[in-house]
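Letter by letter, the chains look like this.
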There are 2 protein chains.
Amino acid sequence: MSHVQKTRTTVEIYGRTYTIVGDADKHHVRLVASMVDDKMKEIYQANKSLDTTRLAVLTAVNTMHDYLKLQADYEELLKKIEEKEEH
Amino acid sequence: MSHVQKTRTTVEIYGRTYTIVGDADKHHVRLVASMVDDKMKEIYQANKSLDTTRLAVLTAVNTMHDYLKLQADYEELLKKIEEKEEH
């Protein structure tokens, strides 16, 4: 059971309003929302025929790709530290 | 100028077909697509009144949040290594 206070933050992403409920502070939620908004606009600039759903899905795909890349970097860094500690 | 061969991978995400063009290999693109598809279904289960655009945007928000969290972890790990090397 968690007793962490949930925050409700209203943000605008690509012209629509979203209320995000979670543990993150409002400042962080607004930052995340503006990054998603920026990425959607960037993908739209590259392909103006995409509808909003496709834009949002491709934004998610893009971000997931970045996430996995960073995760691989993180694991590599961890491995390096472990190797250093062994020697 | 890049001479990397671009791959074209067709994937299905939440019932729609996407052709993803990029440097990543097809296996990786399919993995990313299935992770986005899973996340959309997960968010749908939590709130069945959301339309597909909202689902996709919230999936992007969710993934971006995870990305920033991992980025902070990565930077912290880097800092630790630097501190170790100094002492």
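Coordinates for the structure precede this section.
Here's what I pulled together on the structure shown here.

Rules and cut-offs
Residues numbered from 1 in each chain as written. Chains lettered and ligands numbered in written order. Predicted model: local features only at pLDDT ≥ 70, side-chain atom pairs only at ≥ 80, totals over all residues. Heavy atoms only, no water. Helix = DSSP H or I, 4+ residues; strand = E, 2+ residues; numbered from the N terminus. Rg over C-alpha atoms; globule rule 2.2 N^0.38 Å. Buried < 20%, exposed > 50% of the residue type's maximum accessible area, 1.4 Å probe, protein only. Contact = heavy atoms within 4.5 Å. Areas by Shrake-Rupley, 256 points an atom, 1.4 Å probe, with all protein chains shown as cover. Lys, Arg positive; Asp, Glu negative; His and termini not counted. Charge placed at Lys NZ, Arg CZ, Asp CG, Glu CD. Polar contact = N/O pair within 3.5 Å; in protein donor to acceptor, adjacent residues only side chain to side chain. Least-squares fit on C-alpha atoms with pLDDT ≥ 70 in both. Buried area = accessible area lost by both parts, 1.4 Å probe. Salt bridge = Lys/Arg side-chain N within 4 Å of Asp/Glu carboxyl O. Nonpolar A, V, L, I, M, F, W, Y, C, P; charged D, E, K, R; others polar. Pairing = 2+ DSSP bridges.

On a plain count of helices and strands, chain A comes out with two helices and two strands. Mapped in sequence order, the helices and strands of chain A form the string β-β-α-α. Taken over the C-alpha trace, chain A has a radius of gyration of 18 Å; the compact-globule value for 87 residues is 12 Å, which it surpasses by more than 25%. Across its three principal axes, chain A shows a C-alpha extent of roughly 55 × 40 × 20 Å. For chain A, with 87 residues in total, the buried portion stands at 37%. Long-range contacts, defined here as pairs at least 24 residues apart, represent 16% of the contacts in chain A between residues at least 6 apart. Accessible area of chain A: about 5,700 Å², with a carbon and sulfur share of 49%. For chain A, the centre of its 13 positive side-chain charges and the centre of its 15 negative side-chain charges are spaced 9 Å apart.

In this section: the side chain of A:Asp37. All names here are of chain A. When you line up the elements, Asp37 lands in helix H1 (residues 26–46). Exposure remark for Asp37: the relative accessible area of 12% places this residue in the buried category. A distance of 2.7 Å separates a polar atom in the side chain of Asp37 from a polar atom in the side chain of Lys41. Residue contacts for Asp37: discarding those within four places in its chain leaves Ile13 and Tyr14.

Let us look at the relation of the copies chain A and chain B. Take chain A, turn it by 180°, move it 0.0 Å along the axis, and it overlays chain B with an RMSD of 0.1 Å. Classification of the inter-copy transformation places it as that of a two-fold axis.

Let us now look at the environment of A:Val61. Of note, A:Val61 is situated in helix H2 (residues 52–86). Take A:Val61: its relative accessible area is 10%, and that puts it in the buried class. Those residues in contact with A:Val61 that lie beyond four places of it in its chain are B:Ile13, B:Ile20, B:Val32 and B:Val36.

Right, let's get into the interface of chain A and chain B. Facing 38 residues of chain A, the contacting portion of chain B comprises 38 residues. The junction of chain A with chain B conceals about 3,700 Å² of combined surface from both sides, 77% of it contributed by carbon and sulfur atoms. On inspection of chain A and its partner chain B, the count reaches two salt bridges. When the shortest N-O distance is used, the salt bridge between B:Asp51 and A:Arg16 registers 2.7 Å. Where chain A touches chain B, the interface holds seven residue pairs in polar contact (both at pLDDT 80 or more). At the level of elements, strand S2 (16–22), H1 and H2 of chain A are the ones that each hand at least two residues to the side of chain A that touches chain B. Residue contributions to the side of chain A that touches chain B peak at 24 residues, all from H2(A). Here the side of chain A that touches chain B is built from residues that sort into 22 nonpolar, eight polar and eight charged.

Residue and element names in this part refer to chain A. Where strand S1 (residues 7–13) meets S2, seven bridges bridge the pair, whose relative direction is antiparallel. Paired with Ile13 across the two strands is Arg16, which belongs to S2. Counting the residues in the hairpin turn of S1 and S2 gives two residues, including Tyr14, whose phi is positive at 50°.

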